[in-house]
2 protein chains.
Amino acid sequence: MYRTHNCGELRLENAGKEVTLSGWVQKKRDFGGMTFIDLRDRYGITQLVFNMDDNANLCENARKLGREFVITAKGKVRERSNKNPNMPTGNVEIEITSMNVLNKSETPPFTIEEETDGGEDLRMAYRYLDLRRDSLQKNIIFRSNLAIEARKYLAELDFIEVETPCLIKSTPEGARDFVVPSRMNKGQFYALPQSPQTFKQLLMVAGFDKYFQIVKCFRDEDLRADRQPEFTQIDCEMSFVTQEQILNTFEGLTKHLFKTVLNIEFQDFPRMFYDDAMRLYGNDKPDLRFGMEFVEMNDVAKDKGFVVFDKTELVVGVCAPGAASFTRKELDKLVKWVQRPQIGAKGLVYVKCNEDGSFKSTVDKFFDQDMLKAWAEKFDAKPGDLLLVMAGETDKARKQLSELRLHMGDLLGLRKKEDFKPLWVIDFPLLEWDEESNRFHAMHHPFTSPKKEEIGRMLNGDHETMKSLKADAYDLVINGNEIGGGSIRIHDRELQSKNFDLLGFTKEEAQAQFGFLMGAFEYGAPPHGGIAFGFDRLCSVMAGEEGRIRDFIAFPKNNQGRDIMIDAPSPIDPDQLVELSLDLNIRG
Amino acid sequence: MYRTHNCGELRLENAGKEVTLSGWVQKKRDFGGMTFIDLRDRYGITQLVFNMDDNANLCENARKLGREFVITAKGKVRERSNKNPNMPTGNVEIEITSMNVLNKSETPPFTIEEETDGGEDLRMAYRYLDLRRDSLQKNIIFRSNLAIEARKYLAELDFIEVETPCLIKSTPEGARDFVVPSRMNKGQFYALPQSPQTFKQLLMVAGFDKYFQIVKCFRDEDLRADRQPEFTQIDCEMSFVTQEQILNTFEGLTKHLFKTVLNIEFQDFPRMFYDDAMRLYGNDKPDLRFGMEFVEMNDVAKDKGFVVFDKTELVVGVCAPGAASFTRKELDKLVKWVQRPQIGAKGLVYVKCNEDGSFKSTVDKFFDQDMLKAWAEKFDAKPGDLLLVMAGETDKARKQLSELRLHMGDLLGLRKKEDFKPLWVIDFPLLEWDEESNRFHAMHHPFTSPKKEEIGRMLNGDHETMKSLKADAYDLVINGNEIGGGSIRIHDRELQSKNFDLLGFTKEEAQAQFGFLMGAFEYGAPPHGGIAFGFDRLCSVMAGEEGRIRDFIAFPKNNQGRDIMIDAPSPIDPDQLVELSLDLNIRG
């Protein structure tokens, strides 16, 4: 037997007990007659003591141990004279009487401590060592706990977890598929699923009523820092439900996760129309940890002789609380910030609301103190606040101001890690017109249902009508991150055909790609809808580490889609290509 | 709101209540003034009543409903005059006051009843309809419950569920990989994992201590009835454990699953050495629902002048209880059965132990009554039993007799569906000599550790020694099915190198394929071991439907690896091939 206890569980009440521990040598300190070793495992750290007087041989052996050696050691628990209140085991130490080295260790290529000296690439190559660091261990355990609690909640509500296939059919719609050549069906390919969308809908047609799955999905896209080619969803679908019931069910899930894993209870779980989110935050995933709602100012800003405002579609601003104290230099930096190509604004107008009730703006030439006062009133601004105003074509101006709002939130410390503000954004548009390809895209996906009251308009409306159709589609947003999204689905074959028409599918294309689903709609498809949560992002956001998705995946890929540790992807044997009826054709 | 209750929950105590139900029309019966509809959902069936006198219009509408129409109906629960004790809702019916058709249905291509008229292919093409049948719904729910209980047990023991990657590296060892061309890394391929073996070992090196995952795995093999290209494992690994601790932990899991899901408690959970399993059952996965152990008979069968026995390596038999009553015709059929090419035996000797104490055998010419009596005593045979004796080269004779034993078990009704006999087979050989390729194969896999006391022999032994090395490797067997298998792993780089040598890897091959794992062994790998359960098979065996794995997978592939419903695999767009730097090259 390698151990009687783990390295995190011994306490003062165990004093006097004979125990055996196994683990890794985290640290070693040699004094004259003593050697102390911090022995580490997943559960904690326990101090081992070797005494030269009692057993010189044993103590000499302990002194030869290096960092990360794996040992098993036997001894007696005793009270520590020099207690460490920062460790759960800090009141005790083990007086070792025998010890075995289970495995040696080379000197690790970087120090396995929270403050490590290893660069990103090096730590990715030795991921199994990086994963020994406390923060990564905690992240992976956190993720495991989240999955356990999600399953507990859903099982309690009679959801069934059903595994859908990984080897499916390629569909050109949306992002690129990863494909898998079939050896037995020459010249043919499976695709890896971007989501189990059609299968979960078929499960509803099959009568499973409530489905969920925590499932790997795949997308062959050019990667960004928070994207991975394989990612995990909590995928859910329900039959005979309204949007309202879905929102309540998954609001319940979200509350359950925060309560059980973080012990946080939400006071408030607001809902906001998509149109309002765009109008008030310029964004379909507003961060509600702070205010600074947009104020539209055409009525007080236009026709005052300032040509930039006069000839534009929208003048819109935010009020940054207490930011009138920004120096000229800081304000210039803000202007430069919005002019960077990533934001692309022409400029930025600001108005300082001085403590004495006066105003100082970059447009004093066109707007006198009374006019600026009228602005300040529109914003409900207080002395000491700073108005930031942008202008332009509506969508662009909103997008730019949204970025600025978030940036100001960061500068003012309003986006606190320990704050969590959930939000449902509802009633998304059904379709999105794409100027470039000159066609409609599905805002959510092609199976999303228009709102019931919109169906007439959808079946009979003209082109312009289509742009304004609202769908039973919703996103769950937390702190400005899209955590989940879903919709009520179309369950009527006619309506689904019409939607494929609008999205520019020919009858043949629709049939070839989704014929099985439309076929299923002929045989009694129930009304149904669902949602999918991005599980990797949920983990990182809940842990207060948004944007650090890789730290919550045991073995992530890098930005080139490579696993550096195992060196994948890699060339395969020419025989394998022959078997698969493939030739490489590397152009350029 | 589509429903206040589901179709399985209303009882007599709900009588008088206004309810709304939604579901599928299972059956419709029209009588003079009444129409009865059985409304079905996942939870059950409830009878709806439409009365011509009360509401002729409504009743007329009900009469127009076809099978599998989806409706929502409102009415009052009342006691049924004609109760149906076979249904949980059989005491009540709903007097309908309003009804809406939510969706129509074409006439399904086969009847959606337990006794269906649909052939296998037709039902696979309309899997979403086949899945409406009660038995398939039950199977999928059974599977979901098994997964819930497995996770519950493992989480309780501090196992962490960690997701390992799906896009990994191809390794020529073992079965064929499915590969995934990388667009971003031209000419390179990912592979889909045949198991998370190396990753779970790296998680142990990383210190996660106890890992599990219910995970999809992939194998591009020619398919048999009970094989699928994608399949699911309950994959587990533990650190600082002995074989004994692993057996106890997963014996516990098995008991938990049987207890919670089937309410079965095992009296006995025996362990058997691999060598004994081969000697007594000719099989490394013996079905212990019945006895009929092998009896080796060289001492009583050889040198009696029967040349078939004299010149052979092994004479071995079983005693079939009560089978002396088999007719000549039945016995001839048995002989033919073992002579089929699938079994490949030359012949079969039988001895009837007559009720009067005499014996009748096919080898009376060579063995007199006394000799046959000595045989019978060796078998502990009783009057009425039948001895079945085979001869040949040891491995072959055992294999053939094993098949015959199972066949006799079937004929004699000894392999009962409702009986469950678990068994650990332990101490498998480490290596298996393959005459054809003239090299050793790993009996379990190349990471399996020899037993501690065998390490010296392994490092220093000659070729013959290698054949006899025993490993800390074990299989969980239930009713003759291999449900799980695992081993203690090598955690020492030297020993792992030696094992790769023995398996015929060059240093370069081992480095290219498993360098990352051997590298990890340099940095303090703990002793570790684990097991993987075939989850699909576990489901089918526990449900008493062994060999019917497909009935426990929502969307299985057929024998050609095709999903007939979605028509996958299928050709992909030529543009996709260009992006992937591939050409098709369909030879012959």
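These numbers were taken from a predicted model, which means no experiment stands behind them. (Residues numbered from 1 in each chain as written. Chains lettered and ligands numbered in written order. Predicted model: local features only at pLDDT ≥ 70, side-chain atom pairs only at ≥ 80, totals over all residues. Heavy atoms only, no water.)

Caption draft 1: Broad picture of the overall build of chain A. For chain A, the helix and strand inventory stands at 18 helices and 23 strands. Considering only C-alpha atoms, chain A reaches an extent of 90 × 75 × 55 Å along its principal axes. The buried share among the 588 residues of chain A stands at 58%. For chain A, the share of sequence-separated contacts (at least 6 apart) that also reach a separation of at least 24 residues comes to 66%. (Helix = DSSP H or I, 4+ residues; strand = E, 2+ residues; numbered from the N terminus. Buried < 20%, exposed > 50% of the residue type's maximum accessible area, 1.4 Å probe, protein only. Contact = heavy atoms within 4.5 Å.)

Caption draft 2: Geometry of the confidence of the model for chain A. Of all residues in chain A, 99% have pLDDT values of 70 or greater, and the mean over the chain is 94. Predicted complex, confidence summary: ipTM 0.95, pTM 0.95. (pLDDT = per-residue confidence, 0-100.)

Caption draft 3: Highlighting the pairing of strand β3 (residues 44-51) of chain A. Residue and element names in this part refer to chain A. Across the eight residues that make up β3, a large majority, six, are buried. With eight bridges connecting them, strand β2 (residues 34-41) and β3 associate as antiparallel partners. The residue of β3 that forms the bridge with Met-34 is Asn-51. Counted along the chain from β2 to the antiparallel partner β3, the turn is two residues long. The sheet contact formed by β3 and strand β5 (residues 92-103) spans three bridges and is parallel. If you follow Gln-47 over to β5, its bridge partner there is Glu-93. (Pairing = 2+ DSSP bridges.)

Caption draft 4: Highlighting the domain arrangement of chain A. Domain boundaries in chain A define domain 1 (12-103), domain 2 (120-270 + 527-588), domain 3 (290-411) and domain 4 (428-471 + 492-525). For domain 3 of chain A versus domain 4 of chain A, the separation of C-alpha centres amounts to 40 Å. (Domains from an automatic or database assignment.)

Caption draft 5: Broad picture of the sheet that holds strand β14 (residues 349-353) of chain B. Residue and element names in this part refer to chain B. One open sheet accounts for five strands, arranged β12-β13-β16-β14-β15; its pairing is antiparallel. Every interior strand has two partners, whereas the edge strands, β12 (295-296) and β15 (359-361), have only one. With three bridges connecting them, β14 and β15 associate as antiparallel partners. When the sheet's bridge partners are listed, Lys-352 is paired in β15 with Lys-360.

Caption draft 6: Region of the structure containing the interface of chain A and chain B. Opposite the 122 residues of chain A that make contact, chain B presents 122 residues. Of the roughly 10900 Å² buried between chain A and chain B, counting both surfaces, carbon and sulfur atoms make up 59%. At the boundary of chain A and chain B, one finds 14 salt bridges. There are 67 residue pairs in polar contact (both at pLDDT 80 or more) connecting chain A and chain B. Tallied by class, residues from the side of chain A that touches chain B come to 64 nonpolar, 27 polar and 31 charged. Sheet topology places strand β23 (residues 582-584) of chain A next to strand β23 (residues 582-584) of chain B; three bridges connect them, and they run antiparallel. If you follow Leu-582 of chain A over to β23 of chain B, its bridge partner there is Leu-584 of chain B. (Buried area = accessible area lost by both parts, 1.4 Å probe. Salt bridge = Lys/Arg side-chain N within 4 Å of Asp/Glu carboxyl O. Polar contact = N/O pair within 3.5 Å; in protein donor to acceptor, adjacent residues only side chain to side chain. Nonpolar A, V, L, I, M, F, W, Y, C, P; charged D, E, K, R; others polar.)

Caption draft 7: Expanded view of the relation of the copies chain A and chain B. For the pair chain A and chain B, the relating rotation is 180 degrees, the translation along its axis is 0.0 Å, and the fit reaches an RMSD of 0.0 Å. Given the turn and translation reported, the copies of this chain are related as if by a two-fold rotation axis. Counting the interface residues of chain A, we find that 100% of their copies in chain B are interface residues as well, pointing to one common contact surface. (Least-squares fit on C-alpha atoms with pLDDT ≥ 70 in both.)

Caption draft 8: Layout of the sheet that holds strand β4 (residues 70-79) of chain B. All names here are of chain B. A barrel is described by the order of its strands in space; here five strands give the closed sequence β1-β2-β3-β5-β4, paired in mixed fashion. The average angle at which neighbouring strand axes cross in this sheet is 55 degrees, direction not considered. Sheet topology places β4 next to strand β5 (residues 92-103); 10 bridges connect them, and they run antiparallel. Considered in β5, the bridge of Arg-78 is made with Glu-93. Contacting β1 (18-30), β2 (34-41), β3 (44-51) and β5, helix α1 (residues 56-63) crosses the sheet at an angle of about 65 degrees to β5. (Axes fitted to C-alpha atoms, helices over the stretch in contact; angles between N-to-C directions.)

Caption draft 9: Geometry of helix α17 (residues 535-542) of chain A. Residues and elements named next belong to chain A. Among the eight residues of α17, seven are classified as buried, and the element is accordingly described as predominantly covered. Along α17, the residues that are buried comprise Phe-535, Asp-536, Leu-538, Cys-539, Ser-540, Val-541 and Met-542. If you follow the buried residues of α17, they end up packed against α4 (134-156), β10 (230-239), α6 (243-262), β20 (473-478), β21 (481-488) and β22 (528-534). One or two steps after α17, the chain reaches Gly-544, where phi turns positive at roughly 70 degrees.

Caption draft 10: Region of the structure containing the nonpolar core. Counting residues in each nonpolar core, the largest one holds 58 residues, and the members touching the most others are Tyr-128, Leu-131, Phe-555 and Met-565 of chain A together with Leu-202 and Leu-203 of chain B. Once you skip the residues sitting within four places of it in the chain, Met-565 of chain A turns out to touch Met-124, Ala-125, Arg-127, Tyr-128 and Phe-555 of chain A together with Phe-199, Leu-202 and Phe-516 of chain B. Within the second largest apolar cluster, 57 residues are counted, among which are Leu-203, Tyr-274, Leu-430 and Leu-502 of chain A. (Core = buried A, V, L, I, M, F, W, Y, C linked by side-chain atoms within 4.5 Å.)

Caption draft 11: Focus on the environment of Gln-228 of chain A. Residues and elements named next belong to chain A. Looking at the secondary structure, you find Gln-228 in the loop between β9 (210-218) and β10. For the pair Gln-228 and Asp-536, spaced 308 residues apart in the sequence, the C-alpha separation amounts to 9.5 Å. Sequence-distant contacts of Gln-228, that is, excluding residues within four places in its chain, are made with Leu-223, Arg-550, Ile-553, Pro-556 and Lys-557. A polar contact of 2.8 Å, which involves the side chain of Gln-228, links it to the backbone nitrogen of Lys-557.

Caption draft 12: The packing of aromatic side chains, seen in detail. Tallied over the entire structure, the rule returns 54 aromatic pairs over all chains. Against the face of Phe-290 of chain B rests Arg-405 of chain B, its NZ or CZ located 4.0 Å from the ring centre. (Phe/Tyr/Trp six-rings, centres within 6.5 Å; stacked < 30°, edge-to-face > 60°. Lys NZ or Arg CZ within 6 Å of the ring centre and 35° of its normal.)

Caption draft 13: A look at the packing of helix α4 (residues 134-156) of chain B against helix α17 (residues 535-542) of chain B. All names here are of chain B. The geometry of α4 relative to α17 is characterised by a closest axis approach of 10 Å and an angle of 115 degrees between their N-to-C directions. The way α4 lies across α17 gives a crossing that is right-handed. On α17, the residues that touch Phe-142, Arg-143, Leu-146 and Ala-147 of α4 are Phe-535, Asp-536, Leu-538, Cys-539 and Met-542. Class assignment of the residues belonging to the contact of α4 with α17 gives a composition of seven nonpolar, no polar and two charged. (Left-handed = near helix turned anticlockwise from the far one by under 90°.)

Caption draft 14: Region of the structure containing α4 of chain A. The terminal C-alpha atoms of α4 of chain A, which comprises 23 residues, lie 33 Å apart, in line with the 33 Å expected from a rise of 1.5 Å per residue. Of the residues trailing α4 of chain A, Asp-158 of chain A is marked for its positive phi of about 75 degrees. (Expected span 1.5 Å × (residues − 1).)

Caption draft 15: Here's a closer look at the pattern of salt bridges. Tallying each qualifying case throughout the model produces 112 salt bridges over all chains. With its nearest N and O atoms 2.9 Å apart, the salt bridge here joins Arg-78 of chain B to Glu-93 of chain B. With Arg-78 of chain B in strand β4 and Glu-93 of chain B in strand β5, this pair connects stretches of sequence that are 15 residues apart. For Glu-522 of chain B, the salt bridge goes to Arg-493 of chain B, with nearest N and O atoms at 2.9 Å. Placement of Glu-522 of chain B in the loop between α16 (507-520) and β22 (528-534) and of Arg-493 of chain B in helix α15 (residues 493-502) is noted, with a sequence separation of 29 residues between them. Note on Glu-522 of chain B: relative accessible area 26%, which makes it partly exposed. Residue Arg-493 of chain B is classed as partly exposed on the basis of its relative accessible area of 26%. One network of salt bridges, in which partners are shared, links Glu-120, Arg-123, Arg-127, Asp-130, Arg-133 and Arg-550 of chain A.

Caption draft 16: View of the environment of Arg-133 of chain B. All names here are of chain B. By the element assignment, Arg-133 lies in the loop between α3 (127-130) and α4. Distance from Arg-133 to Ile-148, taken between C-alpha atoms, is 23 Å for residues 15 residues apart in sequence. Those residues in contact with Arg-133 that sit more than four places away from it in its chain are Ile-112, Glu-113, Glu-114, Thr-116 and Arg-123.

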